[in-house]
Amino acid sequence: MGISFEILQKDIAARAGRLKVGEKTIRTPALLPVVNPHLPLVTPREMQEMGVEAIITNAYIFSKSAEYRERALSEGLHKVLDFDGVIMTDSGSFQLMVYGGVEITNLETVSFQKAIGSDIIVPLDIPTTPDADRERAEKELAITLSRIREAREHLGPDAQMAGPVQGALFPDLRERSARAVQEIGFDFCPVGAVVPLMENYRYKDLVDVVLGAKKGLSPATCVHLFGAGHPSMLALGAAMGCDIFDSAAYALFAKDGRYLTTYGSLKIDELSELPCPCQVCRSHTAEELKKSPDRVRLLALHNLYVTLAEIARIRQAITDGTLWELLDLRCRSHPRLLEGYREFLRQAQDLEEQDNVSKRRFFYQGSESCMRTEVVRYHAMVERFTLGPRVLVAMAGKAPGDYDDILFFKPPFGPYPEGLSETFPIGQSEVPSWDEDMMRAGCRGIARLVETHPESTVSVLCPVEWAAFVRGELPGVEVLNADTI
Ligand SMILES: [Zn+2]
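Here is a short report on the structure shown in this document. (Residues numbered from 1 in each chain as written. Predicted model: local features only at pLDDT ≥ 70, side-chain atom pairs only at ≥ 80, totals over all residues. Heavy atoms only, no water.)

What follows is about unusual backbone geometry. That bond from Thr28 to Pro29 is cis: its omega, -5°, falls within 30 degrees of zero. Along the chain, Pro29 falls in the loop between β3 (24-28) and β4 (30-35). In this structure, the amide linkage connecting Phe424 to the following residue, Pro425, adopts the cis form with an omega of 5°. One can find Pro425 in the loop between β15 (414-416) and β16 (429-430). Even without being a glycine, Ala193 presents a positive backbone phi close to 60°. (Helix = DSSP H or I, 4+ residues; strand = E, 2+ residues; numbered from the N terminus.)

Okay, here's the thing in structure tokens:
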């Protein structure tokens, strides 16, 4: 028993897989809607009918509620919530972060979670907030790790338990924390205390923190990005290698009159149309939705539909190998998300090893595409070309015959031998008219060729309108004008 994770398909660092929790299995990436037993805008039963395989609820609320505590203990959580899928419980850590204190100990909460039949138990970790200095982050991390060990010893090695990764904004502490949690022995690790980052659009910090944690975790571990549930950022989360998300956003935003979309949240009172194919939006006009006595619930339903559809889209993109394109699209919906995307691309060197060698396609979508893993990998591969003493890279025109090897050219990748013209990425990439960003990247490919073949002399045959640019990018390389030969 326990928790185990199986990876079926990969794209960038994302995985489509199966998380086995005891005898239940859920598909990943997965979204766990947060259920507040006091105020279920959408019931767990309805969620199950919408395709939800797992939910998360707060054990702290159950333990402190006169109404629910005894029922949960005697009937079990699944009966009380009327949901027979996977139920994960949070320990009260969130209350600790928001309100600064909880009246429960680590062993009390894990024992309570076990007693009410939780499928995934979370120890009482300390979610160190992003403003914490290093000293405080280290101190709280030490307490968190001792509680995780204590919970593990108390419940035994087969307990279905999550090992949270903390460490505030320090990527090295996140990595160390992840390594320590991994050593205690977990296949399921939430990356915690990132909600304040997402609430403040600090996506660049989010990328650093998550990739820091991922460095310390085994690639086989299922990763939960705790508190992430806005549909516009799920593709980024998945691309970083997070498998589980949870959403309180669907309900919180609904209470605030906000309508979620994959490109941001809109105020329902400012909408005259409902641009969404879900059941709620197709059976109401914007005016009807605004005036409905059921407005908060209907908004929550729409918000949940949109979020679940995005998860399905991400799973499909991973299967198709087109997650880069979805990610690019989503991250252009907000400048701060674009900033996070660029930070992610900056670290693409490290991601290249995890990505697939071959994919269905590469669509060029602007300068950011030049930093994708496929380009990084191609530039590393150029080193392996076997070349004679005189080499010509023919960007255009008809090449003269007196060269030992003639290579062709496709930006943003660079030089390629004819034998690679049908293979990925050269054969399956769609690139519009050349622009300076892709040419700069393509020239990096040529520079890499020159650098790694010191015994060959490389010349470039270039369209005349690009000759000055290419000479600037490749000092010391002979650049011939295509129309003069
Ligand atoms: Zn809708």
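Moving on, we come to the nonpolar core. Counting residues in hydrophobic clusters, the biggest one holds 100 residues, and the most contacted among them are Leu206, Leu225, Leu327 and Phe344. Apart from residues no more than four positions distant in its own chain, Leu327 is found in contact with Ile12, Ala235, Leu236, Ala239, Tyr341 and Phe344. (Core = buried A, V, L, I, M, F, W, Y, C linked by side-chain atoms within 4.5 Å. Buried < 20%, exposed > 50% of the residue type's maximum accessible area, 1.4 Å probe, protein only. Contact = heavy atoms within 4.5 Å.)

Strand order in the open sheet formed by 3 strands is β1-β2-β3, with antiparallel pairing between adjacent strands. Since the sheet does not close on itself, it has two edges, and those belong to β1 (3-11) and β3, each with one partner. On average, each strand axis in the sheet is tilted by 15° relative to the strand beside it, whichever way the strands run. Sheet analysis places strand β2 (residues 14-21) next to β3, joined by 5 bridges and oriented antiparallel. Bridge pairing in β3 places Leu19 opposite Ile26. (Pairing = 2+ DSSP bridges. Axes fitted to C-alpha atoms, helices over the stretch in contact; angles between N-to-C directions.)

At a minimum axis separation of 8 Å, helix α15 (residues 295-320) and helix α16 (residues 323-331) run at an interaxial angle of 140°. As far as their axial angle goes, α16 and α15 are oblique. Note on element contacts: α16 touches α15 through Leu323, Leu326 and Arg330, opposite Glu310, Arg313, Ile314, Ala317 and Ile318. Of the residues belonging to the contact of α15 with α16, the class tally is 5 nonpolar, no polar and 3 charged. (Parallel < 35°, antiparallel > 145°, perpendicular 65-115°, else oblique. Nonpolar A, V, L, I, M, F, W, Y, C, P; charged D, E, K, R; others polar.)

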